[in-house]
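# Observations on the three-dimensional arrangement
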Amino acid sequence: MSTVNVPILRFGREYESLDVNEVAGYADGAVLARVGQANAGLIRRDLKRVGEHARALRELPIVRLIEICREAGELFLNGTLPLNDAGDEQSPGDYVAALSATSGLPHTLCRANARKIHTVLTGMPGILFGLMRGMAPQVLDSGMGSSGGLPVCYANAADALGVVLPSNSPGVNSIWMPSLALKTPVVLKPGREEPWTPLRILRAFLAAGLPPEAVAYYPTDHEGAATILEVCGRSQLFGDENTTRPYANDPRVEIHGPGRSKVLLGADEADDWEEHLDVLVASVADNGGRSCINASSIFVPAHADEIADALARRLSEIVPRAPDDEGAKLAAFANPKMAAFIEASIENGVAGGGAEEVTSRYRDGERAVEAFGGNYLLPTVVRCASVEHPLANTEFLFPFTSVVEVPQDEMLARIGPTLVASAITRDEAFREALVASPLIDRLNLGAVATSHVEWDQPHEGNLFEALYKRRAIQRALDW
Amino acid sequence: MTDSPQAAAEALDAHAREIVRWHFSPDTGTPRWIDWARDAGWDPLEEVKGFADLLRFPNFDGEILRDEPHERWIPRAYQDRPFRIFETGGTTGMPKQRISWEDYKIDYEQFSETLDDEAFPRGGYWLMIGPTGPRRLRLAIEHLANHRGSSCYFVDLDPRWVKKLIREGQGPQAKAYMEHVIDQAVQILDKREISVLFTTPRLLEALSERLSIADAGVKGVFCGGTTMDPQTTRFLVEEVLEGRVGFVPTYGNTLMGLAAHKPLTPEDKFSITYYAPQPRAVLRVVDPEDSTKLVDYDAFGRVELTTLTQEFFLPRFLERDEGVRRRPCDLYPWDGVGEVRPFGASEQKIVEGVY
């Protein structure tokens, strides 16, 4: 693979910055991208004209935008798309190879994420149906219409959606993509180690006919990210708690932090736990365990030791494989310091008592291994004696979960904020309590992995509700 | 101006000899340095033959400028003449102070010779937006304007207050203060005809968000005080100033005076190189581990300042900056310093975690 220059996209103008970050393959250190960095002043200056850019997008009827999304989905998955003005292009194979080499995700997971993005783009009508609760999306063309027999009127809450992206998984891009269908330009700051996916999505959109004024792509530093969050009327911020804390009380910013997703096993299903082992394995290990929707805790009312042991045995079958191996399920850490930090956190947590690392029974050697030129952490199950243990409700960037025994009637009081809860129970009273809980963003009822996503069910906020304000409207007769 | 590196080096040697004699001789000398020589074990008065001999001085300890009585810094020749007291930039606590008589005038008159009359027309009005107060800069800019037949308006910015607000996490207050400063500048630009601006990159950016600096009638801008990497410089030149306003980056401080920049050419790719006002001040880019050694050309090192005037002798002071050692150029036939930024900036730019 050769080095490519990744430009800044400034609402229709491609710009090659003099400030460049090099993104290198983790295995061989070869520089694969020279990513131009936007200075904060440049971003602020561009965003002053975002109202004009939004108008260019809003002129397109929604049916055309849905068509563009569909075509963009096909181009993203199968097309050869430009990377820059200099003539560098990227085929689907190039994309997977570059993404894998810099992010550590094996090719299989890169492709699975690409398919997820394709699904969202090509299935945009269904997603809008979910976001707009069944209202005809044509309402957005005039801002007015009717829904359920009532007149409705919607006004734009923002002229741009700012998105500060992470590097952990390409699939998260699916969360901002409906913004373009919802007639709101996007201002993207890619994660430092993952410039590829957001750029490829934007290129696909542009090739499909989206007005270039509708998109901005600003690789930038913390100051640039803060500028995006400050100036865009609405934003999505991905990051750990240190990153997101300053914006915790800013209603304009939708925070996507650690998910702390969980599987809750009801007392009624506890004795049949073996039947649900596949769901537990998928919840922990799908997508290399790198998503906020991967389970980081499993709460069970009984049999915790057996469940932890059986899960450990299954997860220990997942081992590093070559990045292009079709059976690869584990991702390498592009940043070895991150692996070392996580490894130390787990070791300290176990050394403090009250927790047993169950996977070590089935593992040959250490958790942290080097293989195929990368640093890996092998899947890890920790049996915690209590919910208060520091490892009981902690999310790490690899297949890691705690198993904790909690009486069913105490579970809800103990789960804390939970992005996805998969409740394996048929107990109506327990289900009702879960449905009523404000702590859970996405509730899966039954044997459904936390990592399973139905795209018409948005989590962590509804993008339509973020981007549009419903307004009361009354019309005089004959006016 | 000397026109070859060889001639410049010879002029510097002669000047270094002369200034060391001045500060160490009983007739003209400075008490601080005469006393220093007594315990030094060598006699600078006799033994300094050229600039290279200044390497025998240790790096100057700037801390003594915070508490040493001013009288200790008065050369005998300047006794009984009232002096000015200048303080360094945005430091907190007791500031470093330097006394001065005419240096700032001489330095800025020399600097004036580097300016293009079209971008910095003689006559008319200037506006400085930035730290005034006890700083040499405020008087120096006014003198520079006056020297060119112009007069200068001032909008003050107290950098110590801004730093305090930022340190205490009071971002909104810091922002409000910036707006207060910019409001005043916009008002003056609106009501008065200003041809030249002197300010910092941040303030220039903020000002341009409120009005077109070119359309406001500004012909030339001096900009200094904080880091300007090539991308920032390009952004300022092409977008903030719309390619229609002369742009002169400056690097200077109370202890040195003002370094001029080599006018940018396309080959520079907006990378600024400063040249000290030799022989009155010398900038060297040195190995941070051994400041007697220069780094190679095009390599980063720490910036070391030596000031050599009759008012002030400051040998080998390590600035809080790093930069690239650049080759002499036609205009300034001695080493330059490029891409100046805070010392240690490269180490802070390592890993930012997953996100």
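For clarity, every value in this text was computed on a predicted model and none was experimentally measured.

### Thoughts on the overall build of chain A
In terms of regular secondary structure, chain A is built from 17 helices and 24 strands. Taken over the C-alpha trace, chain A has a radius of gyration of 23 Å; the compact-globule value for 479 residues is 23 Å, and the two agree within 12%. Taken over the C-alpha atoms alone, chain A extends approximately 70 × 60 × 35 Å along its principal axes. The proportion of buried residues among the 479 residues of chain A is 57%. Of the contacts made within chain A by residues no fewer than 6 positions apart, 72% connect residues no fewer than 24 positions apart. Of the roughly 18900 Å² that chain A leaves accessible, carbon and sulfur atoms contribute 49%. Charge separation in chain A, taken as the distance between the mean sites of 43 positive and 63 negative side-chain charges, equals 8 Å.

### Notes on the overall build of chain B
On a plain count of helices and strands, chain B comes out with nine helices and 14 strands. In terms of overall size, chain B behaves like a compact globule, its C-alpha atoms giving a radius of gyration of 21 Å where 355 residues would be expected to give roughly 20 Å. In terms of principal-axis extent, the alpha carbons of chain B reach across some 60 × 50 × 45 Å. Burial statistics for chain B: of 355 residues in total, 53% are counted as buried. Long-range contacts, defined here as pairs at least 24 residues apart, represent 66% of the contacts in chain B between residues at least 6 apart. When the accessible area of chain B is evaluated, it comes to approximately 16100 Å², of which 49% is carbon and sulfur surface. Averaged over its 44 positive side-chain charges, chain B has a centre that lies 2 Å from the centre of its 58 negative ones.

### Some points on the interface of chain A and chain B
Facing 30 residues of chain A, the contacting portion of chain B comprises 22 residues. Buried area between chain A and chain B, summed over both chains or domains, comes out near 2300 Å², and the portion from carbon and sulfur atoms is 47%. Counting every contact that joins chain A to chain B gives six salt bridges. Across the pair B:Glu209 and A:Arg44 runs a salt bridge, and its minimum N-O distance is 3.5 Å. Joining chain A to chain B, the criterion identifies 13 residue pairs in polar contact (both at pLDDT 80 or more).

### Considerations on the domain arrangement of chain A
It is common to report an interface's size as the accessible area lost on association of the parts. Residues and elements named next belong to chain A. What the domain assignment reports for chain A is domain 1 (40-257) and domain 2 (261-445). Summarising the inter-unit geometry, the C-alpha centres of domain 1 and domain 2 are found 30 Å apart. When domain 1 packs against domain 2, the two sides together hide about 1200 Å² of surface, and 48% of this comes from carbon and sulfur. Our count for the domain 1 to domain 2 interface comes out at one salt bridge. Of the charged contacts, one joins Glu326 and Arg111 as a salt bridge, the two residues approaching to 2.7 Å between their closest N and O atoms. At the junction of domain 1 with domain 2, the criterion picks out eight residue pairs in polar contact (both at pLDDT 80 or more). Mapped onto the side of domain 1 that touches domain 2, the elements with two or more residues apiece are helix H4 (92-103) and helix H5 (107-122). Element by element, the count of residues in the side of domain 1 that touches domain 2 is highest for H5, at five residues. Of the residues belonging to the side of domain 1 that touches domain 2, the class tally is three nonpolar, eleven polar and two charged.

### Looking at the sheet that holds strand S20 (residues 380-384) of chain A
All names here are of chain A. Strand order in this open sheet of seven strands is S17-S20-S21-S16-S15-S22-S23, and the pairing throughout is mixed. In this open sheet, the two strands that pair with only one neighbour each are strand S17 (355-357) and strand S23 (440-445). Across this sheet, the average inter-strand angle for adjacent strands is 20°, counted without regard to direction. Two elements, strand S15 (residues 261-265) and strand S22 (residues 418-424), share four bridges in a ladder whose sense is parallel. If you follow Leu265 over to S22, its bridge partner there is Ile424. Each of S15, S22 and S23 is contacted by helix H16 (residues 428-436), which is oriented at about 155° to S23, the strand it contacts most.

### Things to note about the pairing of strand S11 (residues 186-189) of chain A
All names here are of chain A. Burial of the side chains of S11 extends over both faces: Val186 and Leu188 are buried on one face and Val187 and Lys189 on the other. Strand direction decides the pairing type here: strand S10 (residues 161-164) and S11, joined by four bridges, are parallel. Considered in S11, the bridge of Gly162 is made with Val187. Judged from the three bridges that link them, S11 and strand S12 (residues 215-217) form a sheet pairing that is parallel.

### Let's talk about the nonpolar core
By size, the foremost hydrophobic cluster in this structure holds 88 residues, and its most contacted members are A:Tyr218 and B:Leu204. For this core, the element with the most residues is helix H7 (residues 171-191) of chain B, which contributes seven residues. Apart from residues no more than four positions distant in its own chain, B:Leu204 is found in contact with B:Leu197, B:Thr199, B:Ile213, B:Val221, B:Cys223, B:Leu236, B:Val240, B:Leu241 and B:Phe247. Core analysis: the second largest hydrophobic core is formed by 68 residues, A:Tyr95, A:Met124, A:Leu202 and A:Leu210 among them.

### Regarding the sheet that holds strand S2 (residues 8-10) of chain A
Residue and element names in this part refer to chain A. On the basis of which strands lie adjacent, the open sheet formed by seven strands has the order S3-S2-S12-S11-S10-S13-S14 and mixed pairing. Taken across any chain shown, the strands that pair with only one partner, and hence form the sheet edges, are strand S3 (14-15) and strand S14 (253-256). Sheet topology note: the S2/S12 ladder contains two bridges and is antiparallel. What sits directly across from Leu9, in S12, is Tyr217. Sitting on the sheet, helix H9 (residues 196-207) is in contact with S2, S3, S11 and S12, with an inclination near 155° to S12.

### As for helix H2 (residues 50-58) of chain A
Listing the buried residues of H2(A) in full gives A:Val50, A:Gly51, A:His53, A:Ala54, A:Ala56 and A:Leu57. Where H2(A) is buried, its residues contact helix H1 (40-47), helix H3 (62-78) and helix H8 (178-181) of chain A.

### What to know about the packing of aromatic side chains
All names here are of chain B. In this structure the tally under the stated criterion is 33 aromatic pairs over all chains. Seen from their ring centres, Phe24 and Trp33 are 5.8 Å apart, and the 45° between their planes marks the pair as tilted. There is no split in this pair, since Phe24 and Trp33 are both buried. Taking 6.0 Å as the distance between ring centres and 85° as the angle between the ring planes, the aromatic pair formed by Trp33 and Phe57 counts as edge-to-face. Of this pair, Trp33 sits in helix H2 (residues 31-40) while Phe57 sits in the loop between helix H3 (44-47) and strand S1 (84-87), and the two are 24 residues apart along the sequence. Phe57 carries the same exposure label as Trp33, and that label is buried.

### Digging into the side chain of B:Asp268
All names here are of chain B. Following the sequence through the fold, Asp268 ends up in the loop between strand S8 (257-261) and strand S9 (273-275). For Asp268, the side chain forms a polar contact with the side chain of Lys262, separated by 3.1 Å. Setting aside chain neighbours within four positions, we find Asp268 in contact with Lys262 and Pro263.

### Focus on unusual backbone geometry
Between B:Gln278 and B:Pro279 the backbone carries a cis peptide bond, its omega angle lying at 5°. Within the secondary structure layout, B:Pro279 lies in the loop between S9 and strand S10 (281-287). Positive phi, close to 55°, is recorded for A:Asn287, a residue that is not glycine. Counting through the fold element by element, A:Asn287 comes out in the loop between helix H12 (277-285) and strand S16 (295-300).

Thresholds applied
- Residues numbered from 1 in each chain as written.
- Chains lettered and ligands numbered in written order.
- Predicted model: local features only at pLDDT ≥ 70, side-chain atom pairs only at ≥ 80, totals over all residues.
- Heavy atoms only, no water.
- Helix = DSSP H or I, 4+ residues; strand = E, 2+ residues; numbered from the N terminus.
- Rg over C-alpha atoms; globule rule 2.2 N^0.38 Å.
- Buried < 20%, exposed > 50% of the residue type's maximum accessible area, 1.4 Å probe, protein only.
- Contact = heavy atoms within 4.5 Å.
- Areas by Shrake-Rupley, 256 points an atom, 1.4 Å probe, with all protein chains shown as cover.
- Lys, Arg positive; Asp, Glu negative; His and termini not counted.
- Charge placed at Lys NZ, Arg CZ, Asp CG, Glu CD.
- Buried area = accessible area lost by both parts, 1.4 Å probe.
- Salt bridge = Lys/Arg side-chain N within 4 Å of Asp/Glu carboxyl O.
- Polar contact = N/O pair within 3.5 Å; in protein donor to acceptor, adjacent residues only side chain to side chain.
- Domains from an automatic or database assignment.
- Nonpolar A, V, L, I, M, F, W, Y, C, P; charged D, E, K, R; others polar.
- Pairing = 2+ DSSP bridges.
- Axes fitted to C-alpha atoms, helices over the stretch in contact; angles between N-to-C directions.
- Core = buried A, V, L, I, M, F, W, Y, C linked by side-chain atoms within 4.5 Å.
- Phe/Tyr/Trp six-rings, centres within 6.5 Å; stacked < 30°, edge-to-face > 60°.

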